[in-house]
Amino acid sequence: MPGTELYVRGLRPAGNSIRLRLGDSQSGSLLVDLPTRRAESDEWIATWWYVGALRDITRWATDPQTTAGAYAEPEVIDAATPAEAGVLPHDAEVTGADSLDYVLGDLADDPLWHGAAGSAAPDLYRMVGFDAHSPGIVRVYLVGDGRTIGVDLATRDTKTAEPRSVGWWASTKLIALLNPDDEQTLAAHHRDDTDDPCCEAVYDLAEWA
């Protein structure tokens, strides 16, 4: 957990919540219960909400200025406690690092889980690398159709400048551009002014989607 020395050591169902066990190599465990549904609507909470929620809670729980500053097993922090302290976010919180993870994970189709070998569409491309070369921009290197190309994608929303959430499916947009029946769509985004030794051509999609 950023800003702390805690790692997620365990996760299990706990009634209408999930219980996470957080700890480090020196201290006891910190147990945190988080809801699986929203109290006001009973709708399921999206999984990516927990990323920001855990960051906020662990920083708060390990802050010596808070009443939860000293933790020791078997203390359990119920979700209501940080919520009352104004720590628990209502909406998913996305940082720039999260956004980069989400974009790359979507293009790679979570290879650790699905064994997709770095592609959400293996018939069209395989992602072999990336370079976050500018703030809010990542260049992904794709192999397909016998060549390697670089494609610049925005990790921030082009209108709001906020980091993109996991709901922005980069793979869906990229697959549409790589459609072999419509080669002109991708060609319209070719950058003649960019020389990248890692690929044969660069395409700028940062403003396209």
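Below you will find a few notes about this structure. (Residues numbered from 1 in each chain as written. Predicted model: local features only at pLDDT ≥ 70, side-chain atom pairs only at ≥ 80, totals over all residues. Heavy atoms only, no water.)

## Points about the overall build of the protein chain
Right, so step 1: In terms of regular secondary structure, the protein chain is built from six helices and eight strands.
Right, so step 2: Counting helices and strands in the order they occur from the N terminus, the protein chain gives β-β-β-α-β-α-α-α-β-β-β-α-α-β.
Right, so step 3: Here the protein chain, with 209 residues, has 41% of them falling under the buried criterion.
Right, so step 4: Considering only intrachain contacts with a sequence separation of at least 6, the fraction spanning at least 24 residues in the protein chain is 46%. (Helix = DSSP H or I, 4+ residues; strand = E, 2+ residues; numbered from the N terminus. Buried < 20%, exposed > 50% of the residue type's maximum accessible area, 1.4 Å probe, protein only. Contact = heavy atoms within 4.5 Å.)

## Points about helix H5 (residues 170-177)
Right, so step 1: Among all positions of H5, only Ala170, Ser171, Leu174 and Leu177 are buried. Along H5, the residues classed as buried sweep out an arc of 125° about the axis, all on the same side.
Right, so step 2: Its buried side turned inward, H5 meets helix H3 (96-108), strand S6 (137-144), strand S7 (147-154) and helix H6 (183-187). (Arc of directions from axis to C-beta.)

## Brief notes about the environment of aspartate 193
Right, so step 1: Along the chain, aspartate 193 falls in the loop between H6 and strand S8 (201-204).
Right, so step 2: Note on aspartate 193: relative accessible area 62%, which makes it exposed.
Right, so step 3: Polar side-chain contacts of aspartate 193 include one of 3.4 Å to the side chain of threonine 194. (Polar contact = N/O pair within 3.5 Å; in protein donor to acceptor, adjacent residues only side chain to side chain.)

## Examining the side chain of threonine 155
Right, so step 1: Mapped onto the elements of the fold, threonine 155 is located in the loop between S7 and H5.
Right, so step 2: What threonine 155 contacts, discounting residues up to four positions off in sequence, is Ser99, Leu100, Val103, Gly136, Ile137, Val138, Glu162, Pro163 and Arg164.

## Section: the nonpolar core
Right, so step 1: Within the largest apolar cluster, 23 residues are counted, with the highest numbers of intra-cluster contacts made by Leu107, Val140, Leu142, Val151, Leu153 and Leu174.
Right, so step 2: When residues of this core are traced back to their parent elements, those giving at least two are H3, S6, S7, H5 and S8.
Right, so step 3: If one sorts the elements of this core by residue count, H3 sits on top with five residues.
Right, so step 4: Those residues within four positions of valine 140 in sequence are excluded, and the remaining contacts are Leu104, Leu107, Met127, Gly129, Phe130, Ile149, Gly150, Val151 and Leu153.
Right, so step 5: Among the nonpolar cores identified, the runner-up in size contains 19 residues, and Leu22, Val32, Ile45 and Ile77 belong to it. (Core = buried A, V, L, I, M, F, W, Y, C linked by side-chain atoms within 4.5 Å.)

Without other data, these values stay purely geometric and don't point to any function.
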